[in-house]
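# Close look at the chain arrangement
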Amino acid sequence: MELQILHSKNKSKMCALQRLSSATTVRDIKELFHKQNPKFYPSRQSYRLEPRSKSLKDSDTLGSLDLSSDGVLYFKDLGTQLGWSTVFYFEYAGPLVLYLMFYSRLPFIYGEEYAYKPSSADVVKIAAVCHTVHYAKRLLETKFVHRFSHGTMPIRNLFKNCSYYWTFAAWLAYFINHPLYTLPMYGDVQVDMALGCFIFCELGNLFIHLALKNLRAPGSTERKIPLPTKNPFTLLFALVSCPNYTYEVGAWVSFAVMTQSLVGLLFASVGFMQMAVWALGKHRSYHKEFRQYPRSRKAIIPFIL
Amino acid sequence: MSSNAKKTNPVAQAWLILYNVAMTAGWSVIGIGIVNHFIKHGTNKGLYHQVERQLLFFQTSAILEILHAIVGLVRSNAIFTFLQVFSRVCIVWAVIWPVVEVQDNIGVPMLLIAWTITEIIRYLFYTFILLGITPRFILWLRYTLFIILYPLGVTGETLTIYNSLEPVRESGLYSIRLPNVFNFALDYHIVLMCTFPIYLIFFPQLYCHMFAQRKKALKGDSSSEKKSN
């Protein structure tokens, strides 16, 4: 069997692949193509049956595809790809460092007068610890907990994601560490209760990530429905498909209440909208994959969404 | 845009015709106002004041176009329509209207002339399409005049924003200052400055987009005429 690879944009011939069988997968084609075109490593390539149709899966075999008689596949260049963890390190290291720059009041931020004199308010110190711990946790999770199954993303995502996280962190930190910062209205009660909720949500988020990691044995591809484990924090799995997002939103709302920051609330809201979209997607794919998926479960907010 | 109105619902059809006729008329009134003012006074001084009420009313009424797109009355992209209308409504309500100092500035007549001609032709075009007529001349105007009017309008808009910077900085208009219980501050002067890079990024793209549209619209029209012959 022979296959012509055409460019999806101008339909020019990229290369021809010979001696293929019906068991050849799209993944194999990517490898073969890479040998002929060293610039396009496999994760940069995408194939489709028509110039504008859906991208084929790596696991699709030629036999299973509805190939035209002349055997044509359309190639699309996805652009420079980066591993998920690389993008995550940049995304999370930025806010961690930026926040502490504002906390220590570098001279160019609030002026020489306040240089290197962090606020004496307890809530400002607590907030700095919370923010730092949050992003340190995310960095450590990226290193030790999350499993990225060969996933890559285009390099422009790095710029997009970093500008989102870095700008928000700077904006948030600017007001909380400002010399004219106004203390929370209800004083210590507000700070302590919100801090309690923040810690609870951070722990919950961590335990959910661990539970998801332990759901699958390393190297196995078997898919399972996530269920509550012995850890009580994972009980939320009984109510929602993505409790990690529920806890994440909870943590940011707590942070905003604790510091009484409007930007904090804005960050929590924008984050919630994005996570709700992801959660609904994941929720749908669970339903598609498992017929016996619990009906009572929602996507991100128990009983509601 | 409105040209793609669903033909199935007569109420929707009637509403869209009414809307587009009213908008054509409204912008024509503004156009007459501008011409009158220039004939009478020979200067743009006081021009904004002369057409202010009609301008505010009809420019704000364009928000209905976003609604039309959202509920599916017309097939145009809701986000694209939103961005177009939103930027204009902001210029009118958030810059020219509150900043009195900028109203007699040269930027204002520039954008007024560009907007008025564009809108009269655009709404007239939609009206004809809704009535089932494709007027070749108006189609040609719609996809040709923008070549001059679009840069003229954008120049007027950026000039207006630029000239409002100083008055806004001095008066502290719409600015929120620390300390306050929300721990939030906003400097409207800086917000206005942020619009310049946005214009710089989007103007070339939209201008090129319009040329592509022009090619499509004018080509499509001549081929359909050949068929009808």
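Here the structure is a predicted model, which means the values were calculated and not measured.

Counting secondary structure elements, chain A contains eight helices and six strands. Helices (α) and strands (β) of chain A occur, in sequence order from the N terminus, as β-β-α-β-β-β-α-α-α-β-α-α-α-α. Whereas a compact globule of 305 residues would reach a radius of gyration of roughly 19 Å, chain A reaches 24 Å, over 25% beyond that. Principal-axis analysis of the C-alpha atoms gives chain A an extent of 75 × 50 × 30 Å. Expressed as a percentage of the 305 residues in chain A, the buried residues total 45%.

The next thing to look at is the UniProt feature "transmembrane region" (unreviewed entry) in chain B. Residues and elements named next belong to chain B. The UniProt record annotates "transmembrane region" (unreviewed entry) at residues 12-35, 55-74, 81-100, 106-131, 143-165 and 185-207. The distance from the first to the last C-alpha atom of residues 12-35 is 34 Å, and the span holds 100% helix and 0% strand. Summarising residues 143-165: 87% helix, 0% strand, and an end-to-end C-alpha distance of 34 Å.

With that out of the way, let us pick up the domain arrangement of chain A. Structurally, chain A comprises domain 1 (2-79) and domain 2 (82-289). Taking the mean C-alpha position of each, domain 1 of chain A and domain 2 of chain A sit 39 Å from one another.

The next point concerns a positive patch on the surface. On the surface, A:Lys9, A:Lys76, A:Arg156 and A:Lys160 cluster together into a patch of positive charge. The topology assignment puts A:Lys76 in strand E4 (residues 72-77).

This part covers the UniProt feature "transmembrane region" (unreviewed entry) in chain A. Residues and elements named next belong to chain A. The residues that UniProt annotates with the feature "transmembrane region" (unreviewed entry) are residues 82-102, 163-181, 193-212, 233-255 and 261-281. End C-alpha atoms of residues 163-181 are separated by 25 Å, and the span's content is 74% helix alongside 0% strand. Along residues 261-281, the helical share is 95% and the strand share 0%, with 30 Å between the first and last C-alpha atoms.

Residue and element names in this part refer to chain A. Mapping Pro51 onto the fold places it in the loop between strand E3 (45-48) and E4. Along the backbone, Pro51 and Pro232 are 181 residues apart, and their C-alpha atoms lie at a distance of 50 Å. If sequence neighbours within four positions are ignored, Pro51 has contacts with Ser8, Lys11 and Tyr74.

The next point concerns the packing of aromatic side chains. For the structure shown, the criterion picks out 44 aromatic pairs over all chains. Arranged with centres 6.1 Å apart and planes meeting at 75 degrees, the rings of A:Phe33 and A:Tyr47 form a pair that is edge-to-face. In this pair, A:Phe33 sits in helix H1 (residues 26-36) while A:Tyr47 sits in strand E3, placing the two residues 14 residues apart along the sequence. By relative accessible area, which is 0% here, A:Phe33 ends up buried. Centre to centre, the rings of A:Tyr245 and A:Trp278 are 6.0 Å apart; their planes meet at 40 degrees, and the pair counts as tilted. Of this pair, A:Tyr245 sits in helix H7 (residues 243-259) while A:Trp278 sits in helix H8 (residues 262-289); the two residues are 33 residues apart in sequence, bridging distant segments of the chain. The exposure class of A:Trp278 is partly exposed, given its relative accessible area of 46%. Across the ring face of A:Tyr110, the terminal group of A:Arg105 is positioned such that the distance to the ring centre comes to 5.8 Å. Cation over ring: B:Arg122 sits above B:Tyr123, and NZ or CZ is 4.7 Å from the ring centre.

Moving on to the nonpolar core. Within the largest apolar cluster, 46 residues are counted, with the highest numbers of intra-cluster contacts made by A:Tyr99, A:Val123, A:Tyr135, A:Ile176, A:Trp252, A:Phe255 and A:Met258. Only helix H2 (84-103), helix H3 (107-110), helix H4 (122-144), helix H5 (156-176), helix H6 (187-215), H7 and H8 of chain A provide two or more residues apiece to this core. Residues contacting A:Ile176, with those up to four places away along its chain left out, are A:Tyr99, A:Val124, A:Ala127, A:Tyr181, A:Phe255, A:Thr259 and A:Ser261. Of all hydrophobic cores here, the second largest spans 43 residues; its members include B:Trp27, B:Ile30, B:Phe125 and B:Tyr126.

Here we take up the packing of H4(A) against H5(A). Axes are the key here: two packed helices are described by the angle between their axes and the distance separating the axes. Residues and elements named next belong to chain A. Put simply, H4 and H5 touch, their axes get as near as 11 Å, and they point 165 degrees apart. The angle between H4 and H5 places the two elements in the roughly antiparallel class. Note that H4 runs across H5; the crossing there is left-handed. In this structure, H4 contributes Val124, Ala127, His131, Tyr135 and Arg138 to the contact, and H5 contributes Tyr165, Ala169, Leu172 and Ile176. Classifying every residue of the contact of H4 with H5 by side-chain character gives seven nonpolar, one polar and one charged.

Rules of the game
Residues numbered from 1 in each chain as written. Chains lettered and ligands numbered in written order. Predicted model: local features only at pLDDT ≥ 70, side-chain atom pairs only at ≥ 80, totals over all residues. Heavy atoms only, no water. Helix = DSSP H or I, 4+ residues; strand = E, 2+ residues; numbered from the N terminus. Rg over C-alpha atoms; globule rule 2.2 N^0.38 Å. Buried < 20%, exposed > 50% of the residue type's maximum accessible area, 1.4 Å probe, protein only. UniProt positions renumbered as here; feature names shortened; annotations may be inferred. Domains from an automatic or database assignment. Patch = residues over 30% accessible without salt bridge, like charges linked within 9 Å, V, L, I, M, F, W, Y side chains within 5 Å. Areas by Shrake-Rupley, 256 points an atom, 1.4 Å probe, with all protein chains shown as cover. Salt bridge = Lys/Arg side-chain N within 4 Å of Asp/Glu carboxyl O. Lys, Arg positive; Asp, Glu negative; His and termini not counted. Charge placed at Lys NZ, Arg CZ, Asp CG, Glu CD. Contact = heavy atoms within 4.5 Å. Phe/Tyr/Trp six-rings, centres within 6.5 Å; stacked < 30°, edge-to-face > 60°. Lys NZ or Arg CZ within 6 Å of the ring centre and 35° of its normal. Core = buried A, V, L, I, M, F, W, Y, C linked by side-chain atoms within 4.5 Å. Axes fitted to C-alpha atoms, helices over the stretch in contact; angles between N-to-C directions. Parallel < 35°, antiparallel > 145°, perpendicular 65-115°, else oblique. Left-handed = near helix turned anticlockwise from the far one by under 90°. Nonpolar A, V, L, I, M, F, W, Y, C, P; charged D, E, K, R; others polar.

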